[in-house]
Amino acid sequence: MFTPGQRPRRSGPTSVLAGLLILLALFLLQELAAGLLPDIYKGFAGEDRRTLVVGASVAFVLVGLLLYIVHLRSLVPEAAAPELDADERARARAALLHAVRRSWTDGADRSWERSVRIELGLAEQQAAVHDPWGAPRLVTGGRESGVPLPAGTRIDEVFDRHRGQLLVLGAPGAGKTSRMLELTERLIEAAERDGAAPVPAFLLLTDWHGEPLARWILDELHSRYRVSRATGLALLRDNGITLVLDGLDEVAPDLRADCVRAVNELLSAEQYPHCPIAVSCRSTDYDDLAERLTVNGAVCVQPLEVTAVHALLNSAGGRLRGLAAAAAADPVLSRLLTTPLMLGVAVLAYEGTDENEVAASGDVGERRGRIFDAYIERMIHRDRSLRGRPNTPERPAGQVQADLLRLAQSLSEVHATVYYPDDPLHIALQAPDDVARRLLPPGMYWMFRGMRWMSGYEAGNPASRPNRFYRGMVFVYQAPFPLLGSPVMNHLQRGFLHYATDRAIMRRAGDGYAFLHKTVQDHLAARAGSMSAQELRNLARS
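Below: a short report on this structure. Quick caveat: nothing in here was measured; it's all calculated off a predicted structure.

Parameters at a glance
- Residues numbered from 1 in each chain as written.
- Predicted model: local features only at pLDDT ≥ 70, side-chain atom pairs only at ≥ 80, totals over all residues.
- Heavy atoms only, no water.
- 1 Å grid on protein atoms, 1.4 Å probe; cavity = no way out; pocket = protein on both sides within 12 Å on 5 of 7 lines; lining within 4 Å.
- Points joined across faces, edges and corners; volume = space filled by probe spheres on them.
- Helix = DSSP H or I, 4+ residues; strand = E, 2+ residues; numbered from the N terminus.
- Phe/Tyr/Trp six-rings, centres within 6.5 Å; stacked < 30°, edge-to-face > 60°.
- Buried < 20%, exposed > 50% of the residue type's maximum accessible area, 1.4 Å probe, protein only.
- Lys NZ or Arg CZ within 6 Å of the ring centre and 35° of its normal.
- Salt bridge = Lys/Arg side-chain N within 4 Å of Asp/Glu carboxyl O.
- Axes fitted to C-alpha atoms, helices over the stretch in contact; angles between N-to-C directions.
- Parallel < 35°, antiparallel > 145°, perpendicular 65-115°, else oblique.
- Contact = heavy atoms within 4.5 Å.
- Nonpolar A, V, L, I, M, F, W, Y, C, P; charged D, E, K, R; others polar.
- Core = buried A, V, L, I, M, F, W, Y, C linked by side-chain atoms within 4.5 Å.
- Expected span 1.5 Å × (residues − 1).
- Polar contact = N/O pair within 3.5 Å; in protein donor to acceptor, adjacent residues only side chain to side chain.
- Pairing = 2+ DSSP bridges.
- Right-handed = clockwise from strand over helix to strand, strands pointing away.

### Some points on empty space enclosed by the protein
Thinking step 1. For the structure shown, the criterion picks out two cavities of 30 Å³ or more.
Thinking step 2. Here the largest cavity defines a volume of roughly 100 Å³.
Thinking step 3. What lines the largest cavity is a set of 13 residues, among which Trp 104, Arg 224, Tyr 225, Gly 510 and Asp 511 lie closest to the centre.
Thinking step 4. Secondary-structure elements contributing two or more residues to the lining of the largest cavity are helix H4 (86-105), strand E4 (199-204) and helix H7 (213-225).

If you want it as structure tokens, here you go:
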């Protein structure tokens, strides 16, 4: 099968014929240069040199015409893959709908967001997308450059208004992923009502590492939602899928410009006309890119007004009196709480505390870090999970904090935000050699290299894939037998991931796990980077 999104190239007999013709031409040139020609040709054309030259010229013309015909044939696309019949399409749509709903809507735990009720505004940001009739370089310019939409406008209404192509921007923690999940849920409802409506496929761009985008989409549909590549290609070609691509800012920094170009190439490819798509990105990271996305429209998730923050905190009554008083007395803290992430985290971290425990000094980054630390500490010592499920087994607080630090550092080393327990060692096995040497105990590096060689992974190549031996090793590693699943890499174990998820420090991300937010991961990774290995071990024992 040819690479999706590119013009197919013929192979097999056609390429063999071209190769034979080229070899024949080279042979004739060699013989002519040496003043020789095969005897069989002389027997046909005679010994007259003029006749030999004319005959050779005619032969070269014929060979050239044949090669040109082969070239023209290579430009003609092969017959399109057979389209799905009605029953096959219905089954494929139903399976994909079920998988997406189970992974991203029914299974999504966003209880921490519901700790405070927030209605966020949206603003049009048309300057953020490419305008073929406008200036060649425009930036979003922050919230002031946007055109506010009426209160209560839903993200799916904006998506429909822009004919199914939308860029969603916002500040860190502003609620971009929540809006993308809301859009996914609305699209699922529309697809269930209308059998002709496209099915949403929620995909994380943090897992893209530079391969052709259409091929990556088909691989992700296959690995995340169990959709065969042939079925995914058929649905993608006839606009049966809406691509919901979350986290352009979470792509490795040196690949973000390539990712924008890859999306634009997909949208301009003849195979995928008018492809429905939504992409999210931090506003500041998007402004740093030279190339604009060619989607039809853009919208920015607006931060809360400071006055709205004070009103929300004061309306909560006595349980948030300390946080409300601290925010009223501290303008820096008030501005920090204007995103849903920080407001929701602060509410849970400081519920029932007095003003003195909330008050702090330092710049915005230091204050944000202290709020995250207070939140994690509170969640570790909660008596129950946010979802009301039975408690996971208690764990020592120091061990939990050390495991969170190790996991955040491991993910950040390879520019990843999601950890997949069915592939528990890929973060380490794909790490560059200098990172592996720094993290491994002395004497373990060569054993690690042998394991990496047997696994099929490559150092410093996040796009490498494991072999069957590695998959068998993972199966044994996850089996519930004595001595297996030991705490050697406790931060990668399912038990720890379930524990952190029940306490809303982490969240489910499809069939993987991610931190509550990328900013939480970045904070923990920075803390881990400032600590020595001995300090981490001491923390785990505390």
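Let us keep going from here.
### Structural notes on the packing of aromatic side chains
Thinking step 1. What the rule picks out here adds up to one aromatic pair.
Thinking step 2. Each ring, one from Trp 104 and one from Phe 202, has its centre 4.4 Å from the other, and the planes form 35 degrees; the classification is tilted. Taken together, the residues Trp 104 in helix H4 and Phe 202 in strand E4 connect sequence positions 98 residues apart.
Thinking step 3. The exposure class of Trp 104 is buried, given its relative accessible area of 6%.
Thinking step 4. Positioned over the ring face of Tyr 420 is Arg 224, at 3.9 Å from the centre of the ring.
Thinking step 5. The cationic tip of Arg 508 hangs over the ring face of Tyr 513; the distance from NZ or CZ to the ring centre is 4.6 Å.

### Things to note about the pattern of salt bridges
Thinking step 1. All told, the structure shown has 20 salt bridges when counted by the stated rule.
Thinking step 2. Between Arg 154 and Glu 157 there is a salt bridge, and its shortest N-O distance comes to 3.6 Å.
Thinking step 3. Ionic pairing is found between Asp 156 and Arg 186, a salt bridge with its closest N-O pair at 4.0 Å. One end of the pair, Asp 156, is in helix H5 (residues 155-161); the other, Arg 186, is in helix H6 (residues 176-193), with 30 residues separating them in the sequence.
Thinking step 4. A relative accessible area of 9% places Asp 156 in the buried class.
Thinking step 5. Where salt bridges share partners, they join Arg 154, Asp 156, Glu 157 and Arg 186 into one cluster.

### What about the packing of H7 against helix H9 (residues 256-268)?
Helix packing geometry: the angle between the two helix axes and the distance between the axes.
Thinking step 1. Interaxial distance between H7 and H9 falls to 9 Å at its minimum, and their mutual angle equals 90 degrees. Considering the angle they form, H7 stands roughly perpendicular to H9. Contacts between H7 and H9 involve Leu 213, Ala 214 and Ile 217 from the former and Ala 262, Val 263 and Leu 266 from the latter.
Thinking step 2. The residue inventory of the contact of H7 with H9, partitioned by class, reads six nonpolar, no polar and no charged.

### Focus on the nonpolar core
Thinking step 1. With 75 residues, the main nonpolar core has Leu 167, Tyr 225, Leu 243, Leu 248 and Tyr 286 as its most contacted residues.
Thinking step 2. Sort the elements by how many residues they give to this core and H7 lands first, with seven residues.
Thinking step 3. The residues contacting Leu 248, other than those within four sequence positions of it, are Leu 205, Arg 256, Cys 259, Val 260, Val 279, Ser 280, Cys 281, Tyr 286 and Leu 289.
Thinking step 4. Residues Leu 336, Ile 371, Ile 376 and Met 379 belong to the second largest nonpolar core, which totals 66 residues.

### Details of the environment of Ala 190
Thinking step 1. Within the secondary structure layout, Ala 190 lies in helix H6.
Thinking step 2. C-alpha of Ala 190 to C-alpha of Pro 200: the two residues are ten residues apart in sequence and 9.9 Å apart in space.

### Some thoughts on H9
Thinking step 1. With 13 residues, H9 should cover 18 Å at 1.5 Å per step; its first-to-last C-alpha distance of 19 Å lies within 8% of that length.
Thinking step 2. Along H9, the positions that sit buried rather than exposed are Arg 256, Cys 259, Val 260, Ala 262, Val 263, Asn 264, Leu 266 and Leu 267.
Thinking step 3. Of the surrounding elements, those touching the buried residues of H9 are strand E3 (165-170), H7, strand E5 (241-246), strand E6 (277-282) and helix H10 (283-287).

### Describing the environment of Glu 124
Thinking step 1. Assignment of secondary structure puts Glu 124 in strand E1 (residues 122-124).
Thinking step 2. Leaving out residues up to four positions away in the same chain, Glu 124 has contacts with Gly 146, Val 147, Leu 149, Val 158, Arg 161, His 162, Ala 298 and Val 299.
Thinking step 3. Separated by 3.1 Å, the side chains of Glu 124 and His 162 make a polar contact.

### Details of the sheet that holds strand E9 (residues 506-509)
Thinking step 1. The three strands lie next to each other as E8-E10-E9, forming an open sheet whose pairing is antiparallel. The open sheet has two edge strands, strand E8 (418-419) and E9, and neither has a second partner.
Thinking step 2. Here two bridges tie E8 to strand E10 (residues 512-515), and the two strands are oriented antiparallel to one another. Directly across from Tyr 419, in E10, lies its bridge partner Tyr 513.

### Digging into the pairing of E6
Thinking step 1. Of all six residues making up E6, six are buried, and the element is well covered by its neighbours.
Thinking step 2. Here E6 shows a buried face lined by Ile 277, Val 279 and Cys 281 and a second buried face lined by Ala 278, Ser 280 and Arg 282.
Thinking step 3. As defined by bridge partners, E3 adjoins E6 across six bridges and the pair is classed as parallel. Paired with Val 168 across the strands is Ser 280, a residue of E6.
Thinking step 4. Inspection of the sheet shows E5 paired to E6 by three bridges, in the parallel sense. What sits directly across from Leu 243, in E6, is Ile 277.
Thinking step 5. Handedness of the crossover is the feature at issue here: the chain leaves E5, passes through H9, returns alongside E6, and the resulting connection is right-handed.

### Topic: the pairing of E3
Thinking step 1. Among the six residues that make up E3, six are buried, leaving the element largely enclosed by the rest of the structure.
Thinking step 2. By the bridge criterion, four bridges tie E3 to strand E7 (residues 297-301) in an arrangement that is parallel. Bridge assignment links Val 168 to a residue of E7, and that residue is Val 299.

### Points about unusual backbone geometry
Thinking step 1. The residue Arg 163 is not glycine, and still its phi comes out positive at about 55 degrees.
Thinking step 2. Following the sequence through the fold, Arg 163 ends up in the loop between H5 and E3.
Thinking step 3. Overall, the relative accessible area of 63% leaves Arg 163 in the exposed class.
Thinking step 4. One non-glycine residue, Asn 239, lies in the positive phi region at around 60 degrees.
Thinking step 5. Note on placement: Asn 239 falls in the loop between helix H8 (229-237) and E5.
Thinking step 6. Given the relative accessible area of 23%, Asn 239 is considered partly exposed.

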